[in-house]
Each structure stands twice: as structure tokens, then as C-alpha cells.
Amino acid sequence: MGKPGIQSVISDSNIENNHPTADAPFGRTLIELAKENDKIVGLSADLAKYTDIHVFRDAYPDRFYNVGMSEQLLMCAAGGLAKEGFIPFATTYASFIARRCYDFISQAICEHNSNVKIIGGLPGLQSGYGPSHQATDDLAILGAMPNLMIIDPCDAVEVAQATRAMAEYDGPVYMRLLRGNRVPMVLDRYDYKFELGKAKVLREGNDALMISTGLMTMRCLDAAEILEQDNIHVAVLHVPTIKPLDQETILNEVKKSGRLVITAENHTIVGGLGSLVASLLMDEKVSCDLKKIALPDQYLAAGTLEALQDTYGVSTKAIIRQVRDWVK
Amino acid sequence: MKKEELIEKAFEVRKNVLKMAQIDKKGFIAQGVGAADFLTVLYFYAMKYRPEDPKWEGRDRFLLSAGHNAIAVYAAMAEAGIIPKEELDTYGLDNSRLPMSSMPAYTPGIEISGGSIGLGLPIAVGMALGLKKKGSDARVYVMMGDGELAEGPVWEAAMSAGSYKLNNIIALVDVNGIQADGKTSTVLDTEPLTDKFKAFNFYVQRIDGNSISALMTAIDNAKASAEEKPSVILCDTVPGKGIPFLIGDPKSHFISLNDEGWVRAYQELERGEN
């Protein structure tokens, strides 16, 4: 036997459920964009290789700045470059962005609506290193920042589309990154095109409505197919833009029938999609049965990802288990 | 501007500081008058800018990192014609363009928000990289305080500026020796400053920050330096400079004066270097 679980602890890929995959969709899209727009520059804090911006660095070395392990400087320097008319894409891990850089993103970027794109690797439970690398709280933390658009893409297809869309949008954006050389591709099988601020129904179903974001949408779609065999019909509404939230589409879907509503996110149950949806429904006096699939309000354990995601209830299998219990 | 004219101008800047502080009868008076000399040299000797067009692409960028000292910068900007002098009377009041802590959304000529200390040099790194990429010969001037140097990101930025050889940055540290909780040397000793910045690959000069001639020479040296290094001018200043009875006041970080005190401050206000 080899060392247990090393591959999945490091998580250089999100490969699961045997989906086809793509290599570094963010970095490769950035190269295409840079060909079209000479204002695009890249920055990282010694994590170029692990945030897929290394391919951009290699293609455009004179448009890439490595600032070393200085995340606070990373955000301020990106803000400074934006002041000079550039469109900086700054990458590091999501946990450092949310926890370490808050003041710097606020004061050097968002207060001035600066055109900086912040890209966070290892969002939610995507690392087995333990809490330091598990950005389970980034949506809650960064969601409080005025002017900041927040995107949680589902797969490689959406990472590419969202990267292009944010480059065309003038203002600060935070995107949770799915990275590596085997990022799953799912959405190409659906009639789907990413639009900033839009939630979209990917699948219809009369028993439950899953409102999901990020890679949880991929797992919800996979779970829905298996649940179909049990005669449980689950709709999936994908919400890739967390801020601003597409309130209209969410309300319309919830109002459609007496379906059980289930939110699903790769994030703590505090202050993420589930909280936003619950608050929206209460504000609008829309009544329904609501369940939340999310990570617990805890510092999570270290270990192998597959086991951790199952333990904390966010794996495809765990989604199936929970939905079966609730719909019965 | 020549030295004698600069001395006169610094006197006007000090008067502006007093006038603004009097609106609320208290404030950052000691630092304001202490910084008047180097701000005068920046606005009337060192920097290129167009008062009527504060966003002119070719301008030298001036970043006030310690936003609390906005009072001194507004005082200098009014002399420079960037803001009307009569507007100084609105400092800190509702709907004023001159908030007590500087922000670009409020005030023409203000480049960054400086209330959260320690962001000026980090932002300057990005701007300096951007200016070099654009092929611009504009410089980025950053005004920091010595107390501010306790902030970690200053040193992240210093390491980066040295590493990227950003010789288009000229940082000025107002070494006034005071901060909110007392003397900088007792709150957290930031010395030896020269050695620290040298170790971060800066071209370092340490001067009397209330001497117009020393300031002029330091600016000339920084501009002429052939070294591929960012520049820092450590300006030893005297808080309260120009108003003798304020010098050495242990509460000089944030001074309150009674009516008698204001009369005395105006009476005693002196020109700087003779």
C-alpha cells in the first residue's frame, strides 16, 4: 500500500464522478483575454503554480508580478495597478484573501470600485490541510464588502466563461477558483451560458428544488440523476453569482410549487447562500420548507478530501442521503 | 520656487493649518505645522502637477498614507491652487470636501484613502509598477508617519519596492516621534530607521525635516540618484514647529486649545528656517 490519501489531501484536481476534465481553465482563458486586451496583468503571492496563473506568467512574463508571500501587498499593489488603468487579476488562496486581506481589499480596492479581479484557490472544503487552507467562510466574510461582486463557479466551463465576463465588467470581483489540470466539465451538457448576476435552472423536478452554487451544483446534478432512479425528481437552480444575488429568479422558482427547497454550498452554514436565501424568502414573505446543505460551523479536520467531504455532508453521496431522508 | 519663497509659503501653510484646526478647536495641529516644511517643498519644488487638472496623466502621484495628517495636505493644496482657500473653512464639517481623514472620493488631488494606516507604500508599489509599464516618467511620492512603520504591510511593500527596483518611488517619513499612545520610542521603537530601509534596498537620506534647504537637497539627490532603488527621505520633524509653546507638549498628538490658546498660537506663529 502507498501512502494513504496524499493525492486527495493536496487536491490539485477536483476530479470526481468521472466527468471529463479541462486543464487550468482560468489561466488559459486569461491568456486569451490578454491577447485581446493589453491592460490585463497578473499577480500572485507565491502561488502562481497553484492558482493556474502560471500558464499566463509563462505566456506573458512581462505582464506578471510575483510579490512573494505578501498577501496584503498583493491586494494593495493590484489596487495601485488598477489606479493606473490596468486590469489586474490577483491570485492566492481563498482563506488568505478572506481572512488576511479584508482591510486591504476594502480600502485599496472596493471603496474606490477599482477594477481588480481577485481569484481565490481552494474555496470551501477543497484542502485536507486543515482550517488554515479551508476557506469555509469566504462568502460570509467578503459578502459584507460593498461594491464587491462574488462568483462561485460550478466547473471548468463556467470558470472560463466567468473569467471572460469579469474582464469585461468594470469593477471589483472575487471568484472562487476551481484549479488544476483536471477540473471537471459538466455544464457543456446543459444549455447554459454564464451571465454575471444571473441564476439559471439547469434541471426541472417536482419533488424538491435544489438552489446550489459552486461545485455543489455539479454534485447536485449528479445526485439528481441517481435520485431519479428512486423516483425522486429534483430540480436544480444554479446560483453562480452570490453577490448581487439574483433574487427574482430564486423567488420565482420557490413560488412555483410546494416543493421542498434545499440550498447547497461548499461553505459554512453561517452567512452563505443558505442564509441569503432564507433571509430573502422571509423578507418577501414567501413560505416554504427549507433545508440547508452546507459545512458545519466548526474548524474542520485535516485528512483526505473524499472522507472529509462525506463526513461533513457535502459529497454527492451525502447529498443523496440527505435528500432521500427529507423527501420521504 | 526658491528657498526664500518656500519659507514664506511654508508660513502660509502653517497659518492654514491653524485656521482649519480652530474650526473644531482641536486636532492634529502639532503634526500639521511640523509637516508644513516638507509638504511645501513637495508641492512647490519637487512635484509636477496641474492644479486645475488633478487627474492629469503626467502628474507625479502624491499618496498621503497616514490620512490623519490630511489637515497639513489640504493646507498645502490650498496654497497650490488645487482646492480654493476659502474651502479650508469647511474642514471636517458635514458635506465638506475636506474630511478629517483623506479620501479620494471627497477631495480633488487626494489619490488614496489613508485612514487605515500602512497602505500608502503598498499601493505605491502597484502604481509604480504600472507607471513603468506605461513608460511614464512620473514619480510616486508617499508620505508616511514614523508610528505607521509598525504596520507590517509597510515592510511587505518595502521588500517588494526594493526587489522590483522601483526607483520611481520617493517615500517621505515624517519622523515626528509621536503617536496616539505617546512617544514612538516608548510605544514601539521603530529605530534604527536608516539601517532598516538600507537593508530593504532603499536609497536612504536622513535630514532635518524642518529645514527647507535640507529638503531641497534631499529631493535633488533622490531625483538624481543613479541607483536603481526606491528612495526614502527620513524627515526628522518637530511637532508644533513654528508655534514654540506647543513644542514638547506631551499631548501633542491631538491638541485641544482654549480661546486664550488660539490667540497665543497665532501671536507666536513664526516663519521657519531663516
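Residues numbered from 1 in each chain as written. Chains lettered and ligands numbered in written order. Predicted model: local features only at pLDDT ≥ 70, side-chain atom pairs only at ≥ 80, totals over all residues.

All right, on to the overall build of chain B then. Scanning chain B from terminus to terminus reveals 10 helices and nine strands. Relative to the compact-globule value of 19 Å for 274 residues, chain B shows a C-alpha radius of gyration of 17 Å, a close match. The C-alpha extent of chain B, read off along each of the three principal axes, is 55 × 45 × 35 Å. Taken over 274 residues, chain B has a buried fraction of 53%. Taking all contacts inside chain B whose residues are at least 6 apart in sequence as the whole, residues at least 24 apart take part in 75%. (Helix = DSSP H or I, 4+ residues; strand = E, 2+ residues; numbered from the N terminus. Rg over C-alpha atoms; globule rule 2.2 N^0.38 Å. Buried ≥ 20, exposed ≤ 12 C-beta atoms within 10 Å, placed from the backbone. Contact = placed C-beta atoms within 7 Å.)

Take the interface of chain A and chain B next. Frequently, the measure chosen for interface size is the accessible area removed from exposure when the parts meet. Taken together, the contacts link 20 residues of chain A with 18 residues of chain B. Counting only elements with at least two residues in the side of chain A that touches chain B, the list comes to helix 4 (71–83) and helix 6 (102–108) of chain A. Sort the elements by how many residues they give to the side of chain A that touches chain B and helix 4 of chain A lands first, with nine residues. Here the residues of the side of chain A that touches chain B sort into 10 nonpolar, six polar and four charged. (Nonpolar A, V, L, I, M, F, W, Y, C, P; charged D, E, K, R; others polar.)

Turning our eyes to something else, we now look at the confidence of the model for chain B. Put simply, chain B has an average pLDDT of 94, and 99% of its residues get 70 or more. Model confidence for the complex is summarised by a pTM of 0.95, with the ipTM given as 0.94. (pLDDT = per-residue confidence, 0-100.)

A word on the domain arrangement of chain A. Residue and element names in this part refer to chain A. With domains assigned, chain A is organised as domain 1 (18–184) and domain 2 (197–327). One C-alpha centre belongs to domain 1, the other to domain 2; they are set 25 Å apart. Contacts between the two partners involve 26 residues from domain 1, matched on the other side by 27 residues from domain 2. Mapped by element, the contributors of at least two residues to the side of domain 1 that touches domain 2 are helix 7 (138–142), strand 6 (149–151) and helix 8 (156–168). If one sorts the elements of the side of domain 1 that touches domain 2 by residue count, strand 6 sits on top with three residues. In the side of domain 1 that touches domain 2, the residues fall into 15 nonpolar, six polar and five charged. (Domains from an automatic or database assignment.)

Quick look at the packing of helix 1 (residues 3–24) of chain B against helix 4 (residues 70–80) of chain B now. Residue and element names in this part refer to chain B. Where helix 1 meets helix 4, the axes come as close as 8 Å, and the angle between the chain directions of the two elements is 125°. Compared by their axis directions, helix 1 and helix 4 come out oblique. Taken as a pair, helix 1 and helix 4 cross one another with a handedness that is right-handed. Across the interface between the two elements, K9, E12, V13, N16, V17, M20 and A21 of helix 1 pack against I71, A72, Y74, A75, A76, A78 and E79 of helix 4. For the contact of helix 1 with helix 4, the per-class residue count stands at 10 nonpolar, one polar and three charged. (Axes fitted to C-alpha atoms, helices over the stretch in contact; angles between N-to-C directions. Parallel < 35°, antiparallel > 145°, perpendicular 65-115°, else oblique. Left-handed = near helix turned anticlockwise from the far one by under 90°.)

Our next topic: the sheet that holds strand 4 (residues 169–175) of chain B. Residues and elements named next belong to chain B. Spatially, five strands are ordered 2-3-4-8-7 in an open sheet, and the strand pairing comes out parallel. One side of each edge strand has no neighbouring strand; the edge strands of this open sheet are strand 2 (61–64) and strand 7 (203–208). Sheet twist, expressed as the average angle between the axes of neighbouring strands with direction ignored, equals 20°. Both strand 7 and strand 8 (residues 231–236) contribute to a ladder of six bridges, which runs parallel. (Pairing = 2+ DSSP bridges.)

Now for the environment of S279(A). Residues and elements named next belong to chain A. Here S279 shows up in helix 11 (residues 273–283). Among the residues examined, S279 registers 11 C-beta atoms within 10 Å and is labelled exposed. Here the alpha-carbon distance between S279 and K291, two residues 12 residues apart in the chain, equals 13 Å.

What follows is about the packing of helix 9 (residues 215–229) of chain A against helix 13 (residues 316–327) of chain A. Residues and elements named next belong to chain A. Contact geometry for helix 9 and helix 13: axes closest at 9 Å, N-to-C directions at 55°. It follows that helix 9 is oblique to helix 13 by the angle criterion. The two elements helix 9 and helix 13 meet at a crossing, and its hand is right-handed. Where helix 9 abuts helix 13, its residues R219, C220, D222, A223, I226 and L227 lie against T316, I319, I320 and V323. Its residues assigned to classes, the contact of helix 9 with helix 13 comprises seven nonpolar, one polar and two charged.

As a general point, the strands of a sheet are linked pairwise by backbone hydrogen bonds and lie either parallel or antiparallel. Residues and elements named next belong to chain A. Pairing is mixed in the open sheet, where five strands are placed in the order 9-11-10-13-14. The open sheet has two free edges, formed respectively by strand 9 (200–203) and strand 14 (290–295), since each of these has just one partner strand. Strand-to-strand twist in this sheet, taken as the mean axis angle between neighbours without regard to direction, amounts to 25°. Where strand 10 (residues 208–212) meets strand 13 (residues 260–268), five bridges bridge the pair, whose relative direction is parallel. Bridge assignment links A208 to a residue of strand 13, and that residue is L260. Across the sheet, helix 9 lies against strand 9, strand 10, strand 11 (234–238) and strand 13, angled at about 165° from strand 11, the strand it touches most.

Omega for the peptide link from K243(A) to P244(A) comes to 0°, which places this bond in the cis form. Looking at the secondary structure, you find P244(A) in the loop between strand 12 (241–243) and helix 10 (247–255). In this chain, E191(B) is followed by P192(B) through a cis amide linkage whose omega measures 0°. Tracing the backbone through its elements, the reader meets P192(B) in the loop between helix 7 (184–187) and helix 8 (193–199). Phi at N147(A) takes a positive value of approximately 75°, unusual for a residue other than glycine. Along the chain, the position of N147(A) falls in the loop between helix 7 and strand 6.

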